[in-house]
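# Secondary and tertiary structure notes
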Amino acid sequence: MVVGEILRGVIIIVGILLFWLTITSLAKRKMTETFCLIWGAVSVALMLAGVLLRPVLLEKYISITGMVLVSAVTFCIICGAYFLSTMISELTRKNQELAIQVSLLKRESEKMLNRMEALEGKLTDEKDINHN
């Protein structure tokens, strides 16, 4: 019974921490809204699983040491996935910024080409006038 109660407590605490981390990431714009929605759903699912599931006979199948090991591995997987989500969100934002910059540079180069063509047109008109 002790292992099951510890597991429930850990799952609820991880769910609450993950929910808080997701809210702060959204507020600080570290993660995109889509990833925040997914992580929010995962954290709510963890909290509900911790509250609703009652692993009564868990002690027969896994020891406390095994539970600590499984919990540590699961925590590392969650942290890694969260880190990847944050990095993908940051790269997506940078990609959008670069696309905007490229668009602005493209527009500016088109304006410069139009000006150059207009100047060349004036020069050829002046040469024609001078030769006549």
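Here, every reference points to the structure presented above.
Treat the numbers as computed from the prediction; the structure is a model and nothing was measured.

Time to look at the overall build of the protein chain. Each helix and strand in the protein chain was counted, giving three helices and zero strands. In the protein chain, the succession of α and β elements from N to C terminus is α-α-α. A globule of 132 residues ought to have a C-alpha radius of gyration of about 14 Å, yet the protein chain, at 30 Å, is considerably larger. Counting over 132 residues, the protein chain shows a buried share of 17%. In the protein chain, the share of contacts with a sequence separation of at least 24, taken over all contacts with a separation of at least 6, comes to 83%. Roughly 10,300 Å² of accessible area belongs to the protein chain as shown, and the carbon and sulfur atoms make up 71% of that amount. In the protein chain, the 14 positive side-chain charges and the 12 negative ones have mean positions that sit 13 Å from each other.

Next up on the list: the nonpolar core. If you look at the biggest cluster of nonpolar residues, it comprises five residues: Leu18, Met31, Cys36, Trp39 and Tyr82. Ignoring sequence-local partners within four residues, the contact set of leucine 18 consists of Trp39, Val42, Ser43, Leu46, Ile78 and Tyr82.

What follows deals with the side chain of serine 25. As for its position among the elements, serine 25 is in helix 1 (residues 2-27). When sequence neighbours within four positions are dropped, the list of residues in contact with serine 25 reads Lys30, Met31, Cys36 and Tyr82.

Let's shift gears to the packing of aromatic side chains. A complete count under the given rule lists one aromatic pair for this structure. Aromatic pair tryptophan 39 and tyrosine 82: ring centres 5.4 Å apart, planes at 70°, arrangement edge-to-face. Of this pair, tryptophan 39 sits in helix 2 (residues 33-52) while tyrosine 82 is found in helix 3 (residues 64-131), placing the two residues 43 residues apart along the sequence. No difference in accessibility class separates tryptophan 39 from tyrosine 82, as the two residues are buried.

Further remarks concern unusual backbone geometry. Unusually for a residue other than glycine, arginine 29 sits at a positive phi of about 60°. Of note, arginine 29 is situated in the loop between helix 1 and helix 2.

Below, the discussion takes up a nonpolar patch on the surface. A surface patch of nonpolar side chains, amounting to about 530 Å² of accessible area, comprises Phe19, Ile23, Val44, Leu48, Val51 and Leu52. Put simply, the parts of the chain that give the nonpolar patch at least two residues each are helix 1 and helix 2. It is helix 2 that provides the largest number of residues to the nonpolar patch, a total of four residues. Here leucine 48 lies in helix 2. Residue classification places leucine 48 among the partly exposed residues on the basis of a relative accessible area of 47%.

Turning our eyes to something else, we now look at the pattern of salt bridges. One pass over the structure, following the stated rule, counts three salt bridges. In this structure, arginine 8 engages glutamate 5 in a salt bridge whose closest nitrogen and oxygen atoms are separated by 3.5 Å. Of the two residues, arginine 8 and glutamate 5 are both situated in helix 1; the distance of three residues between them amounts to about one turn of the helix. Measuring nitrogen to oxygen at the nearest pair gives 3.3 Å for the salt bridge that ties glutamate 90 to lysine 94. Here glutamate 90 pairs with lysine 94, and both are found in helix 3, just four residues apart, close to one helical turn. We classify glutamate 90 as partly exposed; its relative accessible area is 34%.

Rules and cut-offs
- Throughout, residues of each chain are indexed from 1 in the direction in which the sequence is written.
- A pLDDT threshold of at least 70 governs which residues receive local features in this predicted model, and a stricter bar of 80 or more applies before side-chain atom pairs are shown or counted, although totals over entire chains, interfaces and linings include all residues.
- Processing note: side-chain calculations cover all non-hydrogen atoms of the structure and skip hydrogens and water entirely.
- Put simply, DSSP H or I for four residues or longer makes a helix, DSSP E for two residues or longer makes a strand, and each gets a number counted from the N terminus.
- For a compact globule the rule gives 2.2 Å times the number of residues to the power 0.38, and the radius of gyration it is set against comes from C-alpha atoms.
- Buried residues are those whose accessible area, probed at 1.4 Å on protein chains only, stays under 20% of the maximum for their type, while exposed residues exceed 50% and partly exposed ones sit between those limits.
- Contacts are assigned to residue pairs that have any heavy atoms within 4.5 Å of one another.
- Here the Shrake-Rupley method, with its probe set to 1.4 Å, supplies the accessible areas, and only the displayed protein chains count as covering residues.
- Asp and Glu are treated as the negative residues and Lys and Arg as the positive ones, with His and the ends of the chain left uncounted.
- For the purpose of locating charges, the reference atoms are NZ of Lys, CZ of Arg, CG of Asp and CD of Glu.
- Take the buried Ala, Val, Leu, Ile, Met, Phe, Trp, Tyr and Cys residues and link them wherever side-chain atoms come within 4.5 Å; each set so joined is a nonpolar core.
- Put simply, two rings from Phe, Tyr or Trp (the six-membered ring, in Trp's case) pair if the centres are within 6.5 Å, and we call them stacked under 30 degrees between planes, edge-to-face over 60, tilted for the rest.
- The residues that make up patches have over 30% relative accessible area and no salt bridge, and they are joined within 9 Å when like-charged or within 5 Å when they are Val, Leu, Ile, Met, Phe, Trp or Tyr.
- A pair is scored as a salt bridge if a Lys or Arg side-chain nitrogen falls within 4 Å of a carboxyl oxygen belonging to Asp or Glu.

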